[in-house]
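Report on the structure
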Amino acid sequence: MLPTPQALFAQGLRRPLDLEGEKRAGFIELFFDLVFVVVVTRIADFLSADLSLGGAGRALFLLLMAYWAWICTTWTTNWFDAERRAVRCVLLIGMFASLLGTIAMPQAFGDRALLLVVGYVGIQTVRNVFAVLATPPDDPLRRPLQRITVWTAWVGVLWFAGAVLDGDARPALWLTALAADYAGPYLGHWTPGLGRSFPRDWDLEPNHFIERLELFLIIALGETIVATALTASDAPPTATRLLAVLVTFAFAVALWWLYFDFHADRALRVMRAAAGERGRLGRDLSYLHIPIVAGVIVTAVANEMVVAHPGEPLPQHGLALLGAGPVLYLLGSVGFKLRVLGAYWSKRVLATIAVAAVLAAGATLPALLLWSLVLVVLVVLAAAEAAEAADLPDRVDEAAPQPIDGHANTRLEGADR
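Cut-offs applied
- Residues numbered from 1 in each chain as written.
- Predicted model: local features only at pLDDT ≥ 70, side-chain atom pairs only at ≥ 80, totals over all residues.
- Heavy atoms only, no water.
- Helix = DSSP H or I, 4+ residues; strand = E, 2+ residues; numbered from the N terminus.
- Buried < 20%, exposed > 50% of the residue type's maximum accessible area, 1.4 Å probe, protein only.
- Areas by Shrake-Rupley, 256 points an atom, 1.4 Å probe, with all protein chains shown as cover.
- Salt bridge = Lys/Arg side-chain N within 4 Å of Asp/Glu carboxyl O.
- Expected span 1.5 Å × (residues − 1).
- 1 Å grid on protein atoms, 1.4 Å probe; cavity = no way out; pocket = protein on both sides within 12 Å on 5 of 7 lines; lining within 4 Å.
- Points joined across faces, edges and corners; volume = space filled by probe spheres on them.
- Nonpolar A, V, L, I, M, F, W, Y, C, P; charged D, E, K, R; others polar.
- Patch = residues over 30% accessible without salt bridge, like charges linked within 9 Å, V, L, I, M, F, W, Y side chains within 5 Å.
- Core = buried A, V, L, I, M, F, W, Y, C linked by side-chain atoms within 4.5 Å.
- Contact = heavy atoms within 4.5 Å.
- Axes fitted to C-alpha atoms, helices over the stretch in contact; angles between N-to-C directions.
- Left-handed = near helix turned anticlockwise from the far one by under 90°.
- Phe/Tyr/Trp six-rings, centres within 6.5 Å; stacked < 30°, edge-to-face > 60°.
- Polar contact = N/O pair within 3.5 Å; in protein donor to acceptor, adjacent residues only side chain to side chain.
- pLDDT = per-residue confidence, 0-100.

1. Remarks on the overall build of the chain
Per the secondary structure count, the chain includes 14 helices and two strands. Counting all 417 residues of the chain, 54% fall into the buried class. With the model as given, the accessible surface of the chain reaches about 17,700 Å², and the carbon-plus-sulfur share is 68%.

2. Focus on the pattern of salt bridges
The tally for this structure, following the rule as stated, stands at 13 salt bridges. Salt-bridge contacts for R170 lead to D166; the nearest nitrogen and oxygen are separated by 3.2 Å. Using a relative accessible area of 10% as the deciding quantity, one classes R170 as buried. We note a salt bridge from D203 to R278, for which the minimum N-O separation is 2.8 Å. Taken together, the residues span a long stretch of sequence, with D203 in the loop between helix 7 (169–183) and helix 8 (206–233) and R278 in helix 11 (residues 278–308) at a distance of 75 residues. Under the relative-accessibility criterion, R278 is labelled buried at 5%. Salt bridges linked by common partners bring E29, D33 and R212 together as one network.

3. Topic: helix 11
In a regular helix each residue adds 1.5 Å, so 31 residues correspond to 45 Å; helix 11 covers 45 Å between its end C-alpha atoms and thus fits that length. Where burial is concerned, most of helix 11 is hidden: 27 out of the 31 residues are buried.

4. Points about the layout of surface pockets
Any space left empty among the atoms is revealed by the rolling of a water-sized probe across them. Size it by volume and the largest pocket reaches roughly 340 Å³. L47, A56, V298, L321 and A324 are, among the 18 residues lining the largest pocket, the residues nearest its centre. Put simply, the parts of the chain that give the lining of the largest pocket at least two residues each are helix 2 (27–49), helix 3 (53–79), helix 11 and helix 12 (316–341). Residue composition of the lining of the largest pocket, grouped by class: 16 nonpolar, two polar and no charged.

5. Considering empty space enclosed by the protein
Applying the stated criterion across every chain, the model contains seven cavities of 30 Å³ or more. By volume, the largest cavity is sized at about 360 Å³. Lining the largest cavity are 25 residues; nearest its centre among them are W68, C72, I148, P185 and H189. Counting residues per element, the lining of the largest cavity draws most heavily on helix 6 (residues 142–164), which supplies seven residues. In this structure, the second largest cavity encloses a volume near 130 Å³. Around the second largest cavity, the lining comprises 14 residues; the ones closest to its centre are A66, S98, G101, M105 and Y120. Elements with a minimum of two residues in the lining of the second largest cavity: helix 2, helix 3, helix 4 (85–104) and helix 5 (113–133).

6. What to know about unusual backbone geometry
If you check the backbone angles, H189 has positive phi at about 50 degrees while not being a glycine. Within the secondary structure, H189 is located in the loop between helix 7 and helix 8. Its relative accessible area of 8% is what places H189 among the buried residues.

7. Quick word on a nonpolar patch on the surface
The grouping of F96, L99, I103, L114, L115, V118, F160, V164 and L165 at the surface amounts to a nonpolar patch, some 750 Å² of accessible area in total. When residues of the nonpolar patch are traced back to their parent elements, those giving at least two are helix 4, helix 5 and helix 6. Mapped onto the secondary structure, F96 falls in helix 4.

8. Here we look at the nonpolar core
Residues F36, I43, W159 and L285 are the most contacted members of the largest nonpolar core, which totals 125 residues. Among all residues touching I43, those that are not within four sequence positions of it are A59, L62, L63, A66, M105 and I297.

9. Focus: the packing of helix 10 (residues 263–273) against helix 11
The contact between helix 10 and helix 11 brings their axes to 9 Å, and the two run at 150 degrees. In terms of crossing hand, the pair formed by helix 10 and helix 11 is right-handed. In contact with V270, M271 and R272 of helix 10, helix 11 contributes R278, L281, G282 and L285. Its residues assigned to classes, the contact of helix 10 with helix 11 shows four nonpolar, one polar and two charged.

10. Focus on the packing of aromatic side chains
Across all of its chains, the model carries 25 aromatic pairs by this definition. Between the aromatic rings of W256 and F260, the centroid separation amounts to 5.7 Å while the plane-to-plane angle is 20 degrees, which identifies the pairing as stacked. Highlighted residues: W256 and F260, both in helix 9 (residues 239–260), separated by four residues, approximately one helical turn. A residue is classified by how much of its surface remains accessible, and W256, at 37% relative accessible area, is partly exposed.

11. With respect to the side chain of D284
Counting through the fold element by element, D284 comes out in helix 11. We classify D284 as buried; its relative accessible area is 10%. One polar contact links D284 to Y186, side chain to side chain, over a distance of 3.0 Å. When sequence neighbours within four positions are dropped, the list of residues in contact with D284 reads Y186 and R339.

12. Examining the confidence of the model for the chain
Mean pLDDT over the chain: 87, with 89% of residues reaching 70 or higher. Averaged over each element, pLDDT in the chain is lowest for strand 1 (residues 402–404) (38) and highest for helix 7 (96). Per-residue pLDDT stays below 50 along residues 396–417; that stretch engages in 55 contacts with residues further than four places along the chain or on separate chains.

13. Observations regarding the side chain of R212
Within the secondary structure, R212 is located in helix 8. In contact with R212, not counting residues within four places along its chain, are A25, E29, F32, D33, W70 and T74.

Take a look at the structure:
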């Protein structure tokens, strides 16, 4: 017999808010992430096989689908205790649904369209319905969860309609459905009879939420290592190729450093201090990580290209690929800094311009040399920011986002604007 909602409540599934605690992602969440390791690899393979503008668009579409399923699950495990058996079971069901979607990816826009939608809508529906049932009637989160569930239901109809229709109807319906999913939090998942939600309804546990975002970025960074290793293992280990392996590995290190050396920890402290604004900040961070993750995945494909053809100049689409990864990453991190820190972003804008200039001036250079020059830009940026961070005060109490005209704003002392 299935447990009643009252029996679920008795298990204490809702996670109490702990602003200063050290609650970390549980092992079940790390296990859940394993499917998304494969998802990221599939997306990188999808892009590598078709470097046209259309191929890039389809790869981005798959990334947005996968990321949305993952980030919505992260919000749920922030609100519910993933160590409870009922929550674990929901995560495992969601994991299997994600696996189905992953299997569909190679022919996601053709014969396996329905399987892709079954996986995506499946994880969203099971998770959201469970969250409503597992939330006590007097819990302030219950009504927002009901709105999310209704929103997911009607958007799911669009997803399934697109899966069963061919021709131009499929992309039109899928793009509409994806846009509706991403617009939901900004529209408060407005539902007739239930009204709309507001960010203050979505309070978060900072340590867990920030760590989960970091872990997804680690998954993407792992693909830069995988792409380098697999490509190099399938080709003769010449001196030039081994040097390319060193450069591409250093590229992965640079991207890791630029995120984790200072600003990831500062984001955690800002979120802890953001009384009443944690929901808004968490919502914005959920979106702002998309270009950062996309930039890392594109960089992984660029690493593969450089290792495969280190001594050859790249064609036009190859140059675009080399530029897109770092530029997406840097611009995404600029948005991150503006929203979370309100400072320390100007150097990254300059680095973005420098990357574009290097690629424009070095279009005829061998791939390895060109990629090495881009790496120099990132290393110089990392060194400059490390020196800047050494002079910053430890306290960030005054850095907490404060509502200004309905929006959070952040100010830090000594802002480099």
